[in-house]
Amino acid sequence: MEFTNDFDVSEVRQFLHNTDGVVVQDNLDAFTYPMPLYAEGKNEVFVGRIRRDESQPNTLNMWIVADNLRKGAATNTIQIAEYLVANGLV
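Report follows, based on the coordinates.

Rules of the game
- Residues numbered from 1 in each chain as written.
- Predicted model: local features only at pLDDT ≥ 70, side-chain atom pairs only at ≥ 80, totals over all residues.
- Heavy atoms only, no water.
- Phe/Tyr/Trp six-rings, centres within 6.5 Å; stacked < 30°, edge-to-face > 60°.
- Lys NZ or Arg CZ within 6 Å of the ring centre and 35° of its normal.
- Helix = DSSP H or I, 4+ residues; strand = E, 2+ residues; numbered from the N terminus.
- Buried < 20%, exposed > 50% of the residue type's maximum accessible area, 1.4 Å probe, protein only.
- Arc of directions from axis to C-beta.
- Core = buried A, V, L, I, M, F, W, Y, C linked by side-chain atoms within 4.5 Å.
- Pairing = 2+ DSSP bridges.
- Axes fitted to C-alpha atoms, helices over the stretch in contact; angles between N-to-C directions.
- Contact = heavy atoms within 4.5 Å.

**Some points on the packing of aromatic side chains**
Logical step 1: What the rule picks out here adds up to one aromatic pair.
Logical step 2: Positioned above the aromatic ring of Tyr-33, the side-chain terminus of Arg-49 is 3.9 Å from the ring centre.
Logical step 3: The ring of Phe-7 has Arg-52 lying over it, and the distance from NZ or CZ to the ring centre is 4.3 Å.

**Topic: unusual backbone geometry**
Trans peptide bonds make up the majority, and among non-glycine residues the majority have a negative phi.
Logical step 1: For Phe-31, which is not glycine, the phi dihedral falls at a positive 55°.
Logical step 2: Along the chain, the position of Phe-31 falls in the loop between β1 (22-24) and α2 (36-39).
Logical step 3: One non-glycine residue, Asn-58, lies in the positive phi region at around 55°.
Logical step 4: Along the chain, Asn-58 falls in the loop between β2 (45-52) and β3 (60-65).

**Observations concerning helix α1 (residues 9-17)**
Logical step 1: When we look at burial in α1, the residues that qualify are Val-9, Val-12 and Leu-16. Buried positions in α1, seen along its axis, are confined to an arc of 60° and lie on one side of it. Away from the buried face of α1 by more than 90 degrees, exposed residues Glu-11, Phe-15 and His-17 are located.

**Comments concerning the nonpolar core**
Logical step 1: If you look at the biggest cluster of nonpolar residues, it comprises nine residues: Phe-7, Val-9, Val-12, Leu-16, Val-22, Val-45, Val-47, Ile-50 and Leu-60.
Logical step 2: For this core, the elements supplying multiple residues, two or more each, are α1 and β2.

**As for the sheet that holds β1**
Logical step 1: If you trace the three strands from one edge of the open sheet to the other, you get β1-β2-β3, paired in mixed fashion. Since the sheet does not close on itself, it has two edges, and those belong to β1 and β3, each with one partner. Across this sheet, the average inter-strand angle for adjacent strands is 35°, counted without regard to direction.
Logical step 2: Taken together, the five bridges between β2 and β3 define a ladder with antiparallel strand orientation.

**Quick look at the environment of Ala-39**
Logical step 1: Checked against the element boundaries, Ala-39 lands in helix α2.
Logical step 2: Take Ala-39: its relative accessible area is 1%, and that puts it in the buried class.
Logical step 3: Along the primary structure Ala-39 and Lys-71 are separated by 32 residues, whereas in three dimensions their C-alpha atoms are 10.0 Å apart.
Logical step 4: Those residues in contact with Ala-39 that lie beyond four places of it in its chain are Phe-46, Val-65, Ala-66 and Asp-67.

Structural measurements only, silent on function.
Spelled out as structure tokens, the structure:
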């Protein structure tokens, strides 16, 4: 992820933590990070290994895992439709 300006990694981590549908799993001391095996059958998107990319300015690396059949297709479509209805856009 590339930002226009410099950023604070802890602020990005907190933003992700507060985002509906996102589960932050980022504790290397406890060996807690997203694994595809744990995402199977779940609607959430799992994010971890959130680190500043030292090779490029204003850039962040992170590992993102989701069940692509659920989040990438079915669940995402339903969530978009619910958003459109809730906001009077359809």
